[in-house]
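This is what each chain is made of:
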Amino acid sequence: MIISTDANDRYRLLGTLGSPYSMKLRAIMRYRRLPHDWVLRTTRNQAETEYMKPNLLPMLRYPGEDRYRVDTTPLAYDLEARHPRQRSIIPDDPGLAFLCHLLEDMADEWLTKAMFHYRWFHAADIDYAAHWIADDAFPDTRGAERDAMATHFADRQIGRMPIVGCTPENAPVIEDSFHRILALLESRVSVYDFLFGSRPSLADFGLFGQLKTLATDPSPMAIMRASAMKTESWARQLDDASGIEGDWLAGGDDLPPATLGLLALAGDYYLPFLLANAAAMDRGEKTFSLTYAKGPYSQGTFGYQVKCLIELRRRFGELNGEAAARTRSILQKTGCLEALS
Amino acid sequence: MKTLSYFRSKNIPHEWVLRNPSNMEAFQKYAKLPQFPLVVTPDGQGIQGSTPIVEKLEALYLEPSIHPDEPTAVFASALLEEYGDEWVNKPMFNYR
């Protein structure tokens with residue numbers, strides 16, 4: 001038997017190991033058993049995707065196509081449409097599917113601040129991450145040349161910190177979010193226990209992507225090993241869940257306390273952030289600030305995150321009947337309803 | 001991890017299953033020894049031990065081969081694999 005490696009008959013996933021979204025999409029493809037080639041994006045294959053705007057990782061090329069696509073959330077939904085009923089990661093119940101979308105969105109847009117903050121804040125993390133990423137991306141350099149690539153990359157990322165809100169002033173809010181997410185997951189996750197049942201959902205994979213990289217960078221890894229080891233184990237387990245077979249919770253089932261706690265966290269942190277961002281965009285302001293119980297938070301205004309809020313409201317608005325009423329009640333109890341109505 | 005990495009690099013379709021009490025019965029059905037990893041083939045055969053697993057699958061999935069073309073290199077590769085399996089596992093066990 002000869003398995004072709006050159007023919008364009010499999011998905012081709014270009015990413016990096018330090019990229020939470022690359023880890024997320026790779027884990028989704030493994031869980032869903034979608035045949036794919038995982039390719040580290042390096043200087044040797046960079047030309048293949050130079051035309052891409054925005055040039056963000058991961059990038060996915062579909063079988064038989066010659067162009068790449070980006071953005072893991074729409075890609076995950078498109079893979080659902082392309083391979084329906086094949087180990088879906090969207091809960092069957094529409095209300096749960098909405099809550100799953102909300103938690104995935106929070107992982108992608110809010111927990112990622114913890115990833116970025118810890119990676120580029122302390123000297124030991126900067127040194128580790130810069131060299132890790134340079135080792136993966138610049139295989140044809142050695143010694144001082146590779147060190148220079150690492151430093152150059154770190155400088156560029158550190159320069160972006162204030163724009164995305166990873167500042168010393170915001171650190172208490174970001175770190176509190178991380179600790180709360182760990183405490184919640186720690187009470188729930190295992191090989192067979194996920195946020196919406198005994199099979200992993202899009203929300204689980206969103207959290208996983210961030211946690212996988214947090215569990216590798218030195219400072220957040222130390223935090224996880226000290227206070228959330230089950231969650232660290234879970235981040236390893238979910239990296240390849242191709243052997244997991246499970247069931248969704250039904251719409252009327254009680255949600256696990258961890259899932260409700262994460263929704264409450266969205267109500268406390270993520271949704272006020274989206275509202276403040278959208279209000280600043282309306283006023284044409286380049287930055288915005290808000291105050292949480294843990295302290296002040298400010299960052300640059302982002303159009304993408306306005307779209308996130310619009311998409312959340314659109315999806316919530318599409319619910320009807322019993323699922324709408326039930327979801328509304330859950331959102332009310334977790335402090336999310338006002339932002340989404 | 002060695003066998004899983006082999007399956008992935010060869011693009012051999014597979015499911016990765018963590019062994020635990022919930023699948024003990026299935027494990028015992030296919031395993032002759034209480035040893036990991038166990039590969040269950042699509043036609044229901046159990047193969048154990050990473051070296052025999054790889055040997056068997058290399059014969060079925062020829063390309064891309066994990067053996068170099070040059071005979072001396074083939075021998076050196078086998079020697080280093082053995083060294084990894086039988087000696088480098090000592091530091092692994094010691095530190096753990």
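Residues numbered from 1 in each chain as written. Chains lettered and ligands numbered in written order. Predicted model: local features only at pLDDT ≥ 70, side-chain atom pairs only at ≥ 80, totals over all residues.

Caption draft 1: Structural detail: the overall build of chain A. Broken down by element type, chain A carries 13 helices and 6 strands. Since a compact globule built from 341 residues should have a radius of gyration of about 20 Å, the 20 Å found for chain A is in line with a globular shape. In terms of overall dimensions, chain A has C-alpha extents of about 60 × 55 × 40 Å along its principal axes. Within chain A, the proportion of its 341 residues that are buried is 41%. Contacts spanning at least 24 positions in sequence make up 75% of the contacts within chain A whose residues lie at least 6 apart. (Helix = DSSP H or I, 4+ residues; strand = E, 2+ residues; numbered from the N terminus. Rg over C-alpha atoms; globule rule 2.2 N^0.38 Å. Buried ≥ 20, exposed ≤ 12 C-beta atoms within 10 Å, placed from the backbone. Contact = placed C-beta atoms within 7 Å.)

Caption draft 2: Summary view of the overall build of chain B. The helix and strand tally for chain B stands at 4 helices and 2 strands. When the helices and strands of chain B are placed in sequence order, the string is α-α-β-β-α-α. Expressed along its principal axes, the backbone C-alpha trace of chain B runs to roughly 45 × 35 × 20 Å. Buried residues in chain B amount to 7% of all 96 residues. Partitioning the contacts of chain B with sequence separation of at least 6, the portion at a separation of at least 24 is 22%.

Caption draft 3: Representation of the environment of A:M115. Residues and elements named next belong to chain A. Residue position: M115 is located in helix α3 (residues 94-121). Separated by 96 residues in sequence, M115 and S19 have C-alpha atoms that sit 9.7 Å apart. Not counting residues within four places of it along the chain, the set of residues in contact with M115 comprises P20, Q210, T213 and L214.

Caption draft 4: Expanded view of the pairing of strand β1 (residues 11-15) of chain A. All names here are of chain A. In this structure, β1 lies alongside strand β2 (residues 36-40), joined through 5 bridges in parallel fashion. Looking at β2, one finds that R12 is bridged to D37. One crossover worth recording links β1 to the parallel β2 by way of helix α1 (residues 20-31), and it is right-handed. Judged from the 3 bridges that link them, β1 and strand β3 (residues 59-61) form a sheet pairing that is antiparallel. Its bridge partner being in β3, L13 is matched across the sheet by L60. (Pairing = 2+ DSSP bridges. Right-handed = clockwise from strand over helix to strand, strands pointing away.)

Caption draft 5: View of the packing of α1(A) against helix α2 (residues 72-82) of chain A. All names here are of chain A. At a closest axis distance of 11 Å, the pairing of α1 and α2 adopts a crossing angle of 10 degrees. Between α1 and α2, the interaxial angle falls into the category roughly parallel. Only T72, L75 and A76 of α2 make contact with α1, whose side of the interface consists of Y21, K24, L25 and I28. Here the contact of α1 with α2 is built from residues that sort into 5 nonpolar, 1 polar and 1 charged. (Axes fitted to C-alpha atoms, helices over the stretch in contact; angles between N-to-C directions. Parallel < 35°, antiparallel > 145°, perpendicular 65-115°, else oblique. Nonpolar A, V, L, I, M, F, W, Y, C, P; charged D, E, K, R; others polar.)

Caption draft 6: Representation of the domain arrangement of chain A in the model. Residue and element names in this part refer to chain A. For chain A, the domain assignment lists domain 1 (11-82) and domain 2 (94-118 + 161-244 + 252-340). The straight-line distance from the C-alpha centre of domain 1 to that of domain 2 is 23 Å. Residue-level contacts link 12 residues of domain 1 with 19 residues of domain 2. Breaking the side of domain 1 that touches domain 2 down by element, the ones donating at least two residues are α1 and α2. In terms of residues, the side of domain 1 that touches domain 2 owes the most to one element, α1, which gives 8 residues. Of the residues assigned to the side of domain 1 that touches domain 2, the class counts are 7 nonpolar, 2 polar and 3 charged. (Domains from an automatic or database assignment.)

Caption draft 7: Structural detail: the nonpolar core. Residue and element names in this part refer to chain A. If you look at the biggest cluster of nonpolar residues, it comprises 81 residues, and the most contacted ones within it are C100, L103 and A266. Per-element tally for this core: the top contributor is α3, with 17 residues. Residues from two domains meet in this core; each of domain 1 (11-82) and domain 2 (94-118 + 161-244 + 252-340) gives at least three. Apart from residues lying up to four places away in sequence, L103 is in contact with L195, A203, G206, L262 and A266. A129, A134, A150 and A154 belong to the second largest nonpolar core, which has 7 residues in total. (Core = buried A, V, L, I, M, F, W, Y, C linked by C-beta atoms within 7 Å.)

Caption draft 8: Summary view of the pairing of strand β5 (residues 287-292) of chain A. Residues and elements named next belong to chain A. The pairing of β5 with strand β6 (residues 295-300) spans 6 bridges and is classified as antiparallel. When the sheet's bridge partners are listed, L290 is paired in β6 with Y297. Linking β5 back to β6 in an antiparallel pair, the connection comprises 2 residues.

Caption draft 9: Representation of the packing of helix α6 (residues 171-186) of chain A against helix α9 (residues 229-237) of chain A in the model. All names here are of chain A. Running from N to C, α6 and α9 point in directions that differ by 80 degrees, and their axes come no closer than 8 Å. Looking at the two axes, α6 sits roughly perpendicular to α9. Residues L182, L185 and E186 of α6 form the contact with α9, whose own contacting residues are K230, T231 and W234. Here the contact of α6 with α9 is built from residues that sort into 3 nonpolar, 1 polar and 2 charged.

Caption draft 10: Examining the sheet that holds β2(A) more closely. Residues and elements named next belong to chain A. Strand order across the open sheet formed by 4 strands is β2-β1-β3-β4, with mixed pairing between neighbours. Among the strands making up the open sheet, the edge pair consists of β2 and β4 (68-70). Each strand of the sheet is rotated relative to its neighbour by a mean of 25 degrees, with strand direction disregarded.

Caption draft 11: Representation of the domain arrangement of chain B within the structure. Annotation of chain B at the domain level lists domain 1 (1-65) and domain 2 (66-96). Between the C-alpha centres of domain 1 of chain B and domain 2 of chain B the distance comes to 19 Å.

Caption draft 12: The environment of A:K113, seen in detail. In this structure, A:K113 sits in helix α3. Excluding residues within four positions of it along the chain, A:K113 makes contact with A:V164, A:G165, A:C166 and A:I174.

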